[in-house]
Amino acid sequence: MKLHEYQGKEILRQFGVNVQDGKVARTPDEVRQIAREYGQAVVVKAQVHVGGRGKAGGVKFSPTEDKAFENGEKILGMDIKGLTVNKVLVTRAVDIDAGTEYYVGMIVDRNVQSYTLMASAEGGMEIEEVAAATPEKIIKHRVDPVTGLRPYEAREVAIKAGFKGNLNKIADMMVKMSEAALKRDAVLVEINPLFVGPDGVPLALDTKFEIDDNAMYRHQDLADWRELEAEHPLEIEASKYGFAYVKLNGNVGVLGNGAGIVMTSLDVVNRAGAKPANFLDIGGGAKAEVVYNAVKLVSKDNDVKAIFINIFGGITRADEVAKGVIQALNDGILTKPVRMRIAGTAEDEAKALLAEMNSPLIQMYPTMFEAADEAAKEANK
Amino acid sequence: MGILVGKDSRVIVQGMTGREGASHSRAMKEFGTQVVAGVTPGKGGTDFEGWPVYSSVAEAKAATGANVSIIFVPPAGAADAVLEAAHAGMPLIVLITEGVPTVDMMRAVQEVKTLDAQSRAQGGEGVRLIGGNCPGLVTNGEAKIGIMPNKIYANPGRIGLISRSGTLTYEAAKLLNDAGMGTSTTVGIGGDPVIGTTFADVLPLFEADPDTDAVVVIGEIGGADEEAAAEYIAQNMKKPVVAFISGRSAPKGKRMGHAGAIIMGDVGTPESKLAAFKAANVPVADTMPEIIDLVKQALNK
């Protein structure tokens, strides 16, 4: 689960990180109110789950209350990469030129089977850009998942990265960020910029925080932070059924049993000259009802012109899949052509059931390629 | 006889009395695997469909001489189950569970590696974890310690198979089987970002296995395990290797079902994986059936 900047900052604050003051506003009047309370220049920042807010005009310096109100009006309701801005964070402005901006972050790094701490003196920029152009400017360090980051390690990294200021306090911020990552099951946490003012004291001006979905069960206190409006309506519905589902931009609905087979199904649809409208994994051992719901979900998508079903039954029984598809057809939910490849456990039973239906809407093919080709043809008609 | 598992594998099932544990215990037995006991805390001393059940791995191991544990424990307790098996001295641990928190896996994998090193330093056989979020292992004609459908492993063969995806493992095994080649051992390493055994860990075992002539590696987007495998192959392997990469059309930044199947920034792209295999002279199949042609070509060289 991706967190908004204000939410990520709240977590960092709980772990003792020195975070820039800020409050959330939902109307321009609230923005003005906060600016008045702070009695100084503020920055109004769009709270949306996409990168590049600043470039899109979603972050604005506001020297006066009136300007803050005006910027609030501009940013609230704005569309950034398809997402509407419903909230802004209003923070005290900092004189960036008076200090230095650094970057620190931690990611799950499968290459070292733990977190990697990253630090760079190139703060305030997109870290991917720094990594691409000047990888030597990012200092990396594996964090022991049992002990966490120790202060001396953090100091060493800060020194290597060329950080100036109160090294103990900067290292302490990194240690606290590491504690937050481990205790809150972060997949990614960044403090960028980590601003070091003329007094040498570090201050977190912005953060990115993403929590491991597999660990959400132990962070129920954060469950209301999940904002369904930020997700596609079909993705919300899919999450109710427990499907692994991703909405994509094409015209062929794709479903299968298992992440690998669905990923490959997307590739095969692309090769067939169409585009997948979604990724949908019904999971292992799905019963007819699950398949019925999956077909219902994909059918609801107006982008879908044809459906490609790719099943290789292991734990999943092919006849259960067939029953789910047939039920959807009988209930009038399935109105789009289905082209399927069905193999594995109980394959013969499944084929018999589907053949008996004798519906022109549902056709079976011996390989995933033929089924995908036919689905693509139908979708591109 | 393939690698890691075989006729001598004596298997205990952690979570045998749960729904998944029970059905797969039966399927493994049908395959011919020596399933010797179950472990369910609190049910020690009972019997489950003819198998003795113990409350701890240590008890089960002491009583049965088991040398493999397969785990069907739900995500919240899965990493703990791994550590229990590792500390009980189980040399091979197979974690099937999907959805284990990554931080738990980081800690478990690190501890397993420490125990492995200690065991080896003392002349022991070490501790190896396969998975999580994996379908397990099969040595054709000998033993299955996993959840693969039994049917597709009808014909023993001489092709080693390693995969991050369960369903694509089945697909590849069936293709090899139908082409009359068959597999020696299949190792499903799992689709999570942090797993116990990687491609590069399995490849040397196949290289050393007299019953394996060639290896098929089924990778997917996300991470850099395929790149590490390619590097290992280029430097160390004499046996031919053929690869396949799934998710080549996946968009950046979206998690494709597997927790590890995500392109983050410039890491985990199909381009990088294809380039790495190309540099290692490993042919990459564009479609799964093409794997068969490439394996045939490689063997005829």
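A quick note: this is a predicted structure, and the numbers were derived from the prediction, not measured.

On to the overall build of chain A, then. The helix and strand inventory of chain A stands at twelve helices and 19 strands. Put simply, chain A has 381 residues, and 56% of those count as buried. In chain A, 69% of the contacts between residues at least 6 apart in sequence involve partners at least 24 apart. As displayed, chain A offers around 15,700 Å² of accessible surface, 49% of which is attributable to carbon and sulfur atoms. In chain A, 47 positive and 55 negative side-chain charges are present, and the distance between their average locations comes to 1 Å.

A few words on the sheet that holds strand β5 (residues 68-71) of chain B. Residue and element names in this part refer to chain B. The mixed open sheet is built from seven strands, whose spatial order is β3-β4-β2-β1-β5-β6-β7. With one partner strand each, in any of the chains shown, β3 (47-48) and β7 (128-131) form the two edges of the open sheet. As judged from the four bridges shared by strand β6 (residues 92-95) and β7, these two strands associate in the parallel manner. Paired with L95 across the two strands is G131, which belongs to β7. Running over the sheet, helix α2 (residues 57-64) touches β1 (10-14), β2 (34-39) and β4 (51-54) and is turned about 155° from β1.

Once that is clear, we can look at the pattern of salt bridges. Residue and element names in this part refer to chain A. Taken as a whole and assessed by the stated rule, the structure comprises 39 salt bridges over all chains. Linking E65 and R36 is a salt bridge whose minimum nitrogen-to-oxygen distance equals 3.1 Å. Of this pair, E65 sits in helix α3 (residues 65-75) while R36 sits in helix α2 (residues 28-38); the two residues are 29 residues apart in sequence, bridging distant segments of the chain. A cluster of three or more residues bridged by salt bridges with shared partners is formed by E5, K9, K45, R53 and D206.

By the element assignment, V246 of chain A lies in strand β14 (residues 244-247). In sequence terms V246 of chain A and H232 of chain A are 14 residues apart; their C-alpha atoms lie 8.9 Å from each other. When neighbours within four sequence positions are excluded, V246 of chain A is seen to be in contact with E235, A277, N278 and F279 of chain A together with K254, R255 and M256 of chain B.

The next subject is the packing of helix α3 (residues 75-87) of chain B against helix α4 (residues 102-121) of chain B. All names here are of chain B. In contact at an axis separation of 9 Å, α3 and α4 are set at 5° when each is read in the N-to-C sense. Between α3 and α4, the interaxial angle falls into the category roughly parallel. Contact residues: α3 offers A79, V82, L83, A86 and H87, while α4 offers D104, A108, E111, V112 and L115. In terms of residue class, the contact of α3 with α4 is built from seven nonpolar, one polar and two charged.

Moving on to the pairing of strand β15 (residues 252-256) of chain A. Residue and element names in this part refer to chain A. Most of β15 sits inside the fold, with five of its five residues counted as buried. Of the two faces of β15, both are covered, the one formed by V252, V254 and G256 as well as the one formed by G253 and L255. Pairing of β15 with strand β17 (residues 306-313) involves five bridges; the strand directions are parallel. For G256, the partnering residue across the bridge sits in β17 and is N310.

For the rest of this paragraph, the subject is the packing of helix α5 (residues 166-178) of chain B against helix α9 (residues 288-300) of chain B. Residue and element names in this part refer to chain B. For the pair α5 and α9, interaxial distance at closest approach is 9 Å and the crossing angle is 45°. For the element pair α5 / α9, the angle class is oblique. For the pair α5 and α9, the sense of crossing is right-handed. Where α5 abuts α9, its residues L168, E171, A172, L175 and L176 lie against M288, P289 and I292.

Scoring rules and cut-offs
Residues numbered from 1 in each chain as written. Chains lettered and ligands numbered in written order. Predicted model: local features only at pLDDT ≥ 70, side-chain atom pairs only at ≥ 80, totals over all residues. Heavy atoms only, no water. Helix = DSSP H or I, 4+ residues; strand = E, 2+ residues; numbered from the N terminus. Buried < 20%, exposed > 50% of the residue type's maximum accessible area, 1.4 Å probe, protein only. Contact = heavy atoms within 4.5 Å. Areas by Shrake-Rupley, 256 points an atom, 1.4 Å probe, with all protein chains shown as cover. Lys, Arg positive; Asp, Glu negative; His and termini not counted. Charge placed at Lys NZ, Arg CZ, Asp CG, Glu CD. Pairing = 2+ DSSP bridges. Axes fitted to C-alpha atoms, helices over the stretch in contact; angles between N-to-C directions. Salt bridge = Lys/Arg side-chain N within 4 Å of Asp/Glu carboxyl O. Parallel < 35°, antiparallel > 145°, perpendicular 65-115°, else oblique. Nonpolar A, V, L, I, M, F, W, Y, C, P; charged D, E, K, R; others polar. Left-handed = near helix turned anticlockwise from the far one by under 90°.

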